[in-house]
Amino acid sequence: MNAEIIAVGTELLLGQIVNTNAKYLSEQLAEIGVNVYYHTVVGDNPSRLEKAILHAEERADLIIFTGGLGPTKDDLTKETIAKHIGKSLVLDEDAMKTILSYFEKTGRTMTENNKKQALVLEGAKVLPNEHGMAPGMFLHNQSYSYMLLPGPPHEMQPMFRKYGRLAILDQLETRERIESRVLRYFGIGESQLEVEIEDILDSQTNPTVAPLAGDNEVTLRITARHQSENEAHKMIDEMEKKVNDRVGKYFYGYDQTSIMKELLKVLEEKKLTIACAESLTGGLFQAEMTSVVGVSTMLIGGIVCYSNDAKMKLCNVKKETIDHYGVVSKECAIELAENVRSILGTNIGISFTGVAGPDSLEGHPAGTVWIGISIDNKPSKAFLLNLAGSRNGNQKRSVMYGCHYLLQELKE
């Protein structure tokens, strides 16, 4: 079964509210093996809604509508669908009782237009609204199935979970699950990752592999279809191994995690503490770290040493180092990392020094960054980055690279 979700409401087009319903429904439909290939948003206009329905019928056999079931004149979803498929709207007595009961409980006077909410498509299966007034509907007509759901998420979600999902399952000849897993990569560009797994992408059937560009990182979504959830997960496991045999050195985590969260997991597992010396990042590494709950056992503290004097006074960087090598240097990065670790008595010291931009510094162009890492009983290292982008972008990417390099060092 192929589905299209049509969200009805001018407020969505104006950006006054976000269309979270489409996301929720797509996730729910994937679980029961229904493909969603299109999301459509249309305003409260019957002619444009009619055109959207015609387009949807060319590419889907299940069309789900959210919104436009209320009492006002601009709520025209069921009226437009009724006209389109040649069905009448009839009064549903149970829905009418629910609406009357609501007004009695709240002590409000019901206006005549509220009766409109109790009208349903002739022959439709009525989906009770246990969290509002307007009922939903499910109707199979000729080659298509139409589902109408209320717009407010607190009404739509429980209605779909309890009634809508079952109505769709009754229409399915075979029940398949669609399972997916997101793999997260850092340190490799999207184009390079695609080159590395090009033959896998070209030959994919089930499971499928889709590269997705992220915020300064790359993700792959592996999706498998099978009647058995366990078998679908096995298929994903096999594909993941095949992919990571090639690009596994850039892989850092799954689904909704972040590279900072993964770093903190390793620090916690190994019971390691860390201190930071930040110049060009201005405390951003520590801000990202402290946004994660439970970081207090790992992050002891840090020093924002933006000026040369601050590097010398607060982090004990030698004047000779700055005079001879400059602050944008491997030597300065290593001294910062080693000294902040010593000053704060931690297992790890990490430093960031360089040129965020837009201007150059010490003859180095914007985006030149050195990251220093000092770890107990290991030789200190410094990593050079040559970034291209905005000042804020260079700072954010420097933080992510700091996590990346530190993860690599801790895995060795």
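Residues numbered from 1 in each chain as written. Predicted model: local features only at pLDDT ≥ 70, side-chain atom pairs only at ≥ 80, totals over all residues. Heavy atoms only, no water.

> Please give an account of the side chain of Gln 28 that cites residues and values.
As for its position among the elements, Gln 28 is in helix H2 (residues 20-31). Judged by its relative accessible area of 12%, Gln 28 falls in the buried class. Ignoring sequence-local partners within four residues, the contact set of Gln 28 consists of Phe 160, Arg 161 and Arg 165. (Helix = DSSP H or I, 4+ residues; strand = E, 2+ residues; numbered from the N terminus. Buried < 20%, exposed > 50% of the residue type's maximum accessible area, 1.4 Å probe, protein only. Contact = heavy atoms within 4.5 Å.)

> Talk me through the sheet that holds strand S12 (residues 251-254); I want residue IDs and the actual numbers.
Across the sheet, 4 strands lie side by side as S10-S11-S9-S12; this open sheet has antiparallel pairing. Only two strands of the sheet have a single neighbouring strand rather than two, namely strand S10 (208-213) and S12. Averaged over all adjacent pairs, the angle separating strand axes in this sheet is 25 degrees, with direction ignored. Pairing of S10 with strand S11 (residues 218-226), which is carried by 6 bridges, proceeds in the antiparallel orientation. Counterpart to Thr 208 in the pairing with S11 is Thr 223. (Pairing = 2+ DSSP bridges. Axes fitted to C-alpha atoms, helices over the stretch in contact; angles between N-to-C directions.)

> Talk me through the packing of aromatic side chains; I want residue IDs and the actual numbers.
Here a ring pair, both rings aromatic, is described through the centre-centre distance and the interplanar angle of the planes. Across all of its chains, the model carries 8 aromatic pairs by this definition. Taken together, a centroid distance of 4.6 Å and an interplanar angle of 65 degrees make the contact between Phe 186 and Tyr 401 edge-to-face. Highlighted residues: Phe 186 in the loop between strand S9 (177-185) and helix H7 (190-196) and Tyr 401 in helix H15 (residues 391-411), separated in sequence by 215 residues. Among the aromatic residues, those joined into a ring-pair cluster are Phe 186, Phe 383, Tyr 401 and Tyr 405. In this structure, Arg 59 is placed above the aromatic ring of Tyr 38, and the distance from its NZ or CZ to the ring centre is 3.8 Å. (Phe/Tyr/Trp six-rings, centres within 6.5 Å; stacked < 30°, edge-to-face > 60°. Lys NZ or Arg CZ within 6 Å of the ring centre and 35° of its normal.)

> Can you tell me about the nonpolar core, naming the residues and giving the values?
Leu 263 and Phe 285 are the most contacted members of the largest nonpolar core, which totals 37 residues. Mapped onto this core, the elements with two or more residues apiece are helix H10 (259-270), strand S13 (274-278), helix H11 (284-290), strand S15 (348-354), strand S16 (368-375), strand S17 (381-386) and H15. The element contributing the most residues to this core is H15, with 8 residues. Beyond its immediate chain neighbours, meaning those up to four positions away, Leu 263 contacts Phe 285, Met 289, Cys 403, Leu 406, Leu 407 and Leu 410. (Core = buried A, V, L, I, M, F, W, Y, C linked by side-chain atoms within 4.5 Å.)

> Provide a residue-level description of the layout of surface pockets, including the pertinent values.
Taken as a whole, the largest pocket encloses approximately 740 Å³ of empty space. Taken together, 20 residues form the lining of the largest pocket, with Ser 26, Glu 27, Ala 30, Ser 180 and Arg 221 sitting closest to its centre. Broken down by secondary-structure element, the contributors of at least two residues to the lining of the largest pocket are H2, strand S2 (35-42), S9 and S11. Class assignment of the residues belonging to the lining of the largest pocket gives a composition of 6 nonpolar, 6 polar and 8 charged. (1 Å grid on protein atoms, 1.4 Å probe; cavity = no way out; pocket = protein on both sides within 12 Å on 5 of 7 lines; lining within 4 Å. Points joined across faces, edges and corners; volume = space filled by probe spheres on them. Nonpolar A, V, L, I, M, F, W, Y, C, P; charged D, E, K, R; others polar.)

> Tell me about the environment of Met 159, and name the residues and values.
Note that Met 159 resides in helix H6 (residues 153-169). On the accessibility criterion, Met 159 (2% relative accessible area) is buried. Every residue in contact with Met 159, bar those within four places of it in the chain, is listed here: Leu 127, Pro 128, Asn 129, Ala 134, Pro 135, Gly 136, Leu 149, Pro 150 and Gly 164.

> An account of the packing of H10 against H15 is needed here, citing residue identities and associated values.
Relative to each other, H10 and H15 sit at 35 degrees, their axes nearing to 9 Å. For H10 against H15, the interelement crossing comes out left-handed. For the pair formed by H10 and H15, the contact residues are Ile 259, Met 260, Glu 262, Leu 263, Val 266, Leu 267 and Lys 270 on the first element and Val 399, Met 400, Cys 403, His 404, Leu 406, Leu 407 and Leu 410 on the second. Split into classes, the residues belonging to the contact of H10 with H15 amount to 11 nonpolar, 1 polar and 2 charged. (Left-handed = near helix turned anticlockwise from the far one by under 90°.)

> Describe in detail the pairing of S9, supporting the description with residues and values.
Of all 9 residues that make up S9, 7 are buried, and the element is covered over most of its length. Direction of pairing for S9 relative to S11: antiparallel, over a ladder of 9 bridges. Bridge pairing in S11 places Leu 183 opposite Leu 220. Direction of pairing for S9 relative to S12: antiparallel, over a ladder of 3 bridges. Its bridge partner lying in S12, Arg 184 is registered against Gly 253.

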